[in-house]
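# An overview of the molecular structure
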Amino acid sequence: MTEEEWRAFVSAGTRTGKLATVNADGRPHVAPVWFLLDDDGTIVFTTGAATLKGRAIARDPRVCLCVDDEAAPYSYVMVHGTASASTDLDDMLEWATRIGSRYMGAHLSEQYGRRNTADTELLVRVTPTKVVARAGVAD
């Protein structure tokens, strides 16, 4: 896929991302996340600071996010990158509301935005360092 194609692919519909982080003992950890792609190409999501994801990102910012289409002919995008976390509640509310709109609809966006904005949450931005994108794997 071209950059334009993979950006459109990860932004389409309500596909969740599967976020891989590195545990303290070096083992991988994968968890689903709701996310958005910012105009600058960063992946944006929220997570609890005390979750395994949140603690792993604070300790080791290396991550990989995989987004896939589970229907034939199957396609996927893997975004390898470096995560940074913020506790800015105004920024977090804006993004959590936008993310809520994508996954739950505009009518519930404010509810989900407020629910996912708290001093116990993190706003995470993943800056891509490498993107692997394949369309039509089964073709």
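Refer to the structure printed above.
Reference entry: report on the structure contained in this document. (Residues numbered from 1 in each chain as written. Predicted model: local features only at pLDDT ≥ 70, side-chain atom pairs only at ≥ 80, totals over all residues. Heavy atoms only, no water.)

Think of an α-helix as 3.6 residues a turn; residues three or four steps apart then line up on the same face. Buried residues of helix 1 (residues 3-11): W6, F9 and V10, and no others. Taken down its axis, helix 1 places every buried residue within 90° of arc, on the same side. Lining the buried residues of helix 1 we find strand 3 (36-37), strand 5 (62-69), strand 6 (75-86), helix 3 (89-104) and strand 7 (121-134). Following helix 1 by one or two positions, G13 adopts a phi angle in the positive range, close to 60°. (Buried < 20%, exposed > 50% of the residue type's maximum accessible area, 1.4 Å probe, protein only. Helix = DSSP H or I, 4+ residues; strand = E, 2+ residues; numbered from the N terminus. Arc of directions from axis to C-beta. Contact = heavy atoms within 4.5 Å.)

Before going further, it helps to examine helix 2 (residues 52-59). Of all the residues in helix 2, the buried ones are K53, G54, A56 and I57. Projection of helix 2 onto a plane perpendicular to its axis shows the buried side chains occupying an angular sector of 165°, all on one side. Summarising the contacts, the buried residues of helix 2 are in contact with strand 1 (17-22), strand 2 (28-33), strand 4 (43-48), strand 5, strand 6 and strand 7.

Here the focus is unusual backbone geometry. Cis geometry marks the peptide bond from A72 to P73; its omega dihedral reads 15°. Inspection of the secondary structure assignment puts P73 in the loop between strand 5 and strand 6. Phi at Y74 is positive, roughly 65°, even though this residue is not glycine. Inspection of the secondary structure puts Y74 in the loop between strand 5 and strand 6.

Counting across every chain of the model gives eight salt bridges. R15 is the salt-bridge partner of D69, the closest N and O atoms lying 3.7 Å from each other. With a gap of 54 residues between them, D69 in strand 5 and R15 in the loop between helix 1 and strand 1 connect regions that are remote in the sequence. Its relative accessible area of 22% is what places R15 among the partly exposed residues. R27 is the salt-bridge partner of D25, the closest N and O atoms lying 2.6 Å from each other. We note that D25, like R27, is exposed. (Salt bridge = Lys/Arg side-chain N within 4 Å of Asp/Glu carboxyl O.)

This model, assessed by the stated rule, comprises two aromatic pairs. Ring geometry for W34 and Y103: centres 5.0 Å apart, planes at 5°, overall stacked. A residue pair is termed long-range when its members are at least 10 positions apart, and W34 in the loop between strand 2 and strand 3 and Y103 in helix 3 qualify at 69 residues. Accessibility expressed as a relative area gives 11% for Y103, which makes it buried. (Phe/Tyr/Trp six-rings, centres within 6.5 Å; stacked < 30°, edge-to-face > 60°.)

With respect to the helices, strands and loops of the structure, T21 is situated in strand 1. Here T21 falls in the buried class, since its relative accessible area comes to 2%. In this structure T21 touches R27, P28, H29, K53, A56, I57, R62 and V63, once residues within four positions along its chain are discounted.

The strand order across the open sheet built from seven strands is 2-1-5-6-7-4-3, with neighbouring strands paired in antiparallel fashion. Edge strands, defined here as strands with exactly one partner in the open sheet, are strand 2 and strand 3. Relative to strand 5, strand 1 runs antiparallel, the two sharing three bridges. Residue pairing in the sheet places L19 in a bridge with L65 of strand 5. Helix 2 rests against strand 1, strand 2, strand 4, strand 5, strand 6 and strand 7 of the sheet, and its axis sits at about 50° to strand 1. (Pairing = 2+ DSSP bridges. Axes fitted to C-alpha atoms, helices over the stretch in contact; angles between N-to-C directions.)

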